[in-house]
Amino acid sequence: MNKVTFRELLRFGFYALRYMFTGGPAYYLWLAFLVALALWGGLAYREQLTQGLVATNMRDQVSWAFYVGNFTFLVGVAAAAIILIIPAYVYDWKPIKEVAIMGEILAISALVMCMLFVLADLGQPEMVWHMIPSVGKLNFPASLLAWDVVVLNLYFLLNLVIVVYLLYCTYQQRPYNKYFVVPLILLSIPLAISIHTVTAFIYNGMAARPFWNASILAPRFLASAMCSGPAILLILFQILRHTTRFEIKDEALWKIAEIMAYAMFINLFLQGAEVFKEVYSSSEHVVHFNYLFVGLGHHRSLVPYGWGAVICSLLAFGLFIIPATRRHPVTLNLGCLLIYIGVYIEKGMGLVIPGLTPDALGEIYEYVPTMTEVRIGVACFSIGFLVYTFLTKLAVAITLGDFNRNMVAAGDRRGRPIPRPSTPD
Amino acid sequence: MSDLNNRNLKPAAADSEPGMPRRDFLKAAAGTLATLALSGCTKEAIEAFLQKHFQELSPEELKTVVARLERECQEKQGVKVSISTKAAAPGVLFGAGLDLSRCIGCRRCVYGCVKENNLSRNHQIQWIRVLEQEKAKGVNLEDANPYYDPKEVPREGYFYIPVSCQHCRRPPCVKVCPVKATWSEPDGIVVVDYNWCIGCRCCMSACPYGARHFNWGTPSVPSKHLNPRMHYFGNRPRPRGVVEKCTFCIQRTREGRYPACVEACPVGARKFGNLLDRKSEIRQIMERKRVFVLKAELNTQPTFYYFYSL
């Protein structure tokens, strides 16, 4: 068997980079669009760096908000790669195995966004080096955020290694070493569960915040992640099917939608159980639920979002549990969109804001993000999309055989460095 | 001044930051360092950036750090200051008492604290929050009003609860900190190393008493109001983007003085002393009155006790 040499890997990296920046006008337009958004948000970040976090609407009462909410949601998206891995590698289900790598690429991109959102939220971003074990002073194992740093980075590295290795082997036109890669893929299953569990535990472990201090939180995190991540994947798969020769069977899409329906059922059931306990026992802790679903006095700005999320999730569940509607492209995509909206609210700001409102001393501060926060959020998302675009373009080309070592070598001999991309992407 | 210099430099680093995956921490650190160096930045700024965790500083290193911090403050404020690093005395566990029967809600403790501890005046920070409560409802934080503003206090039918850091024996804020920037000192004071805090605000979410405050903007204290007698964990100038909190006036109490809030209280509602000393005032109160702590059900075991004298 051929060994992976560093030199070869470097060459691969160089050609891959060149390939990522080659495409049709539509591809360049898409890249330019994302870069423009990232710059627009990047300028807002510069503003935040000069003024401090006072550029946001976070204050002592609501000290975590938009950034942390997005971070939490995106951890779920990253964890959802396993919804492809489990059927593909544990049950060896062919139609999904062919597209499993797309789930891993989504995980990588989502984790990049997670890290950007955390960085945006820090008051002293240049001091992040304090978190590096042995260089800084990581408070492991006491601090759940320290755990999160560990598992998120492990999961990120693991997915990166798997994706790069698989693509590299296909590029070299040789079979991958399954004794190397399959254990890694299987390891990514518990790690995916752990990133979401640990993120849930950050909130869960705070006795000061009754809204988060419920043991049902981590299971709910997992259930909703099994909906939101695949919702994005389903839409991306359809885009890929239309724009490239990449084949994704309908069966694969339908199976994913079916799994999402079950996950959504569990999520809604657990949420119902939580609502019952809070509302029926109606202790003083119900105040956070009331803030989300009823409003407290004239403080009602979250109420439409609270109900919006529930309604979106219920509708999506209906669409995905009925085989006819989950197989019809229109209702399938509508369902994905509804799930995305529902979980984005529920696992984002719908989790963070009511947890902190009213604050520990009963004060109500109504938080609404500033334009700076929204712009920085846009930048984080567009950078994540850039990463996804680049990796997907490469993965599609390599998988379809449009980009491999022979073609690169041939291209070099003809003085044409890059093979013509077959896809506008 | 290193703090200011840092700020000025940040935008330059900003361009590269949004695209940075976290595994490039080291690279980013090196990059920031390079930016600092390239822009002709002072040695002090680099020293500040690389400053070690307080508990890992050798006595010589600590001296250098303190000298730098004093110099920075003097340059910025034009006032000569001294920053103490006096350690906890053996056999001391500080505790505070608050007499709810006496407190009239005048907030003099709040202002005394602001003055003593160099709390930011623009982007106001106050370590003590006084809550107004209806007598008919008893102590119920969910129903408290911190923004009461009557012509005269106390208002008929109301009583007042000042709340600040409860200096818990089992502080939830300490265990959640990802970088050990906050801890319990041997004398029970929960402190923050302002130069080590990364500003993630986990501790603020974890605190059940709303006692932790964040420097959302650049803190500012007019030079003429600056209290020059400082402690490393106490009232020295804080950088922007870090968390701060009540330190039982560490710069005073470690010198054997009362905290500023205790001195400022016009009705003697505030008590302070060594919980390990049977003869201390705070122990006498525990002996003669019945005390309680806030949110006892959370098992944070505060060293801050409330009681009714009448």
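What you are looking at is a predicted structure, and each value in this text was computed from that prediction instead of being measured.

So, about the overall build of chain B. Helix and strand counts for chain B stand at 10 helices and 12 strands. Expressed as a percentage of the 310 residues in chain B, the buried residues total 46%.

Moving on to the interface of chain B and chain A. Of the residues lining the interface, 55 residues belong to chain B; the matching set on chain A comes to 55 residues. Broken down by secondary-structure element, the contributors of at least two residues to the side of chain B that touches chain A are helix H1 (2-14), helix H2 (25-38), strand E3 (129-134), helix H6 (172-176), helix H7 (202-206) and strand E7 (213-214) of chain B.

Membership of the largest hydrophobic core comes to 212 residues, with the highest contact counts inside it found for Ala-65, Ala-78, Leu-111, Cys-114 and Met-260 of chain A. Per-element tally for this core: the top contributor is helix H6 (residues 100-121) of chain A, with 18 residues. Of the domains in this structure, domain 1 (2-84) and domain 2 (88-310) of chain B are the two that each give at least three residues to this core. In this structure, Met-260 of chain A is in contact with Met-226, Cys-227, Pro-230, Ala-231, Phe-320 and Ile-339 of chain A, ignoring residues within four places of it in sequence.

This next bit is on the domain arrangement of chain B. Many authors give the size of an interface as the accessible area that is lost as the parts come together. Residues and elements named next belong to chain B. Under the domain assignment, chain B is made up of domain 1 (2-84) and domain 2 (88-310). Contact with domain 1, which involves 15 residues of that partner, is made by 15 residues of domain 2. Of all the elements, helix H4 (residues 59-77) adds the most residues to the side of domain 1 that touches domain 2, at four residues.

Before going further, it helps to spend a moment on unusual backbone geometry. Along the chain, Phe-140 of chain A connects to Pro-141 of chain A via a cis peptide bond; the corresponding omega equals 5 degrees. The residue Pro-141 of chain A is located in the loop between H6 and helix H7 (144-171) in this model. Here the amide bond leading from Thr-357 of chain A into Pro-358 of chain A is cis, since omega sits at -10 degrees, within 30 degrees of zero. Of note, Pro-358 of chain A is situated in the loop between helix H15 (349-356) and helix H16 (371-400). Here His-123 of chain B, not a glycine, exhibits a phi torsion of approximately 65 degrees, which is positive. Looking at the element boundaries, His-123 of chain B is found in the loop between helix H5 (108-116) and E3.

All names here are of chain B. Relative to strand E12 (residues 304-307), strand E2 (residues 94-99) is paired through four bridges, and the arrangement is parallel. Pairing of Ala-96 across the sheet is with Phe-304, part of E12. Pairing analysis gives two bridges linking strand E11 (residues 291-292) to E12, with the strands arranged antiparallel. Within E12, the residue paired with Phe-292 across the bridge is Tyr-306.

Cut-off values and rules
- Residues numbered from 1 in each chain as written.
- Chains lettered and ligands numbered in written order.
- Predicted model: local features only at pLDDT ≥ 70, side-chain atom pairs only at ≥ 80, totals over all residues.
- Helix = DSSP H or I, 4+ residues; strand = E, 2+ residues; numbered from the N terminus.
- Buried ≥ 20, exposed ≤ 12 C-beta atoms within 10 Å, placed from the backbone.
- Contact = placed C-beta atoms within 7 Å.
- Core = buried A, V, L, I, M, F, W, Y, C linked by C-beta atoms within 7 Å.
- Domains from an automatic or database assignment.
- Pairing = 2+ DSSP bridges.

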